[in-house]
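Fold and contact review
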Amino acid sequence: TVEIITVKIWGDSRRVDEEGTYKRLESTEKQVDKGKYIVLWKPEAGNWKMFRDIWTSSLPVDTFATKEEKTIIKN
C-alpha cells in the first residue's frame, strides 16, 4: 500500500506543480519506505495529465535494499 499526502499545489492554466510526501507499507501495515515527490501536470485535450514526476526516499539505501543490492552499493 502507498499513502500519498499532497503538501502544496501551485501553478497556472499552463502547468500545475504538486509537492508531497509518501509512505509505502507492507501488507502487515509495516512501513518499508517513506519520502517526497513532485509531479508536474499539464492540460491535454481538456484534462490535466501527469507530465513529469520524481520521487526520492528519505531512508538510507540499506534500509530497504536486498542483501545483493547492499553488496553492489558498497563496492
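Above this text you will find the structure in question.
Report on the accompanying structure. Predicted model only: the values in this text are computed from it and were never measured. (Residues numbered from 1 in each chain as written. Predicted model: local features only at pLDDT ≥ 70, side-chain atom pairs only at ≥ 80, totals over all residues. Heavy atoms only, no water.)

1. Focus on the side chain of Asp-33
Inspection of the secondary structure puts Asp-33 in strand 3 (residues 31–44). One buried charge, Asp-33, has no salt-bridge partner; the nearest side chain with opposite charge is Arg-24, at 4.6 Å. A polar contact is formed between the side chain of Asp-33 and the side chain of Tyr-22, at a distance of 3.0 Å. (Helix = DSSP H or I, 4+ residues; strand = E, 2+ residues; numbered from the N terminus. Buried < 20%, exposed > 50% of the residue type's maximum accessible area, 1.4 Å probe, protein only. Lys, Arg positive; Asp, Glu negative; His and termini not counted. Salt bridge = Lys/Arg side-chain N within 4 Å of Asp/Glu carboxyl O. Polar contact = N/O pair within 3.5 Å; in protein donor to acceptor, adjacent residues only side chain to side chain.)

2. Thoughts on the environment of Phe-51
With respect to the secondary-structure elements, Phe-51 resides in strand 4 (residues 47–57). According to the relative accessible area criterion, Phe-51 is partly exposed, its value standing at 37%. Put simply, Phe-51 and Arg-15 are 36 residues apart on the chain and 9.0 Å apart in space, counted from C-alpha to C-alpha. The contacts of Phe-51, once residues within four sequence positions are left out, are Leu-40, Trp-41 and Lys-42. (Contact = heavy atoms within 4.5 Å.)

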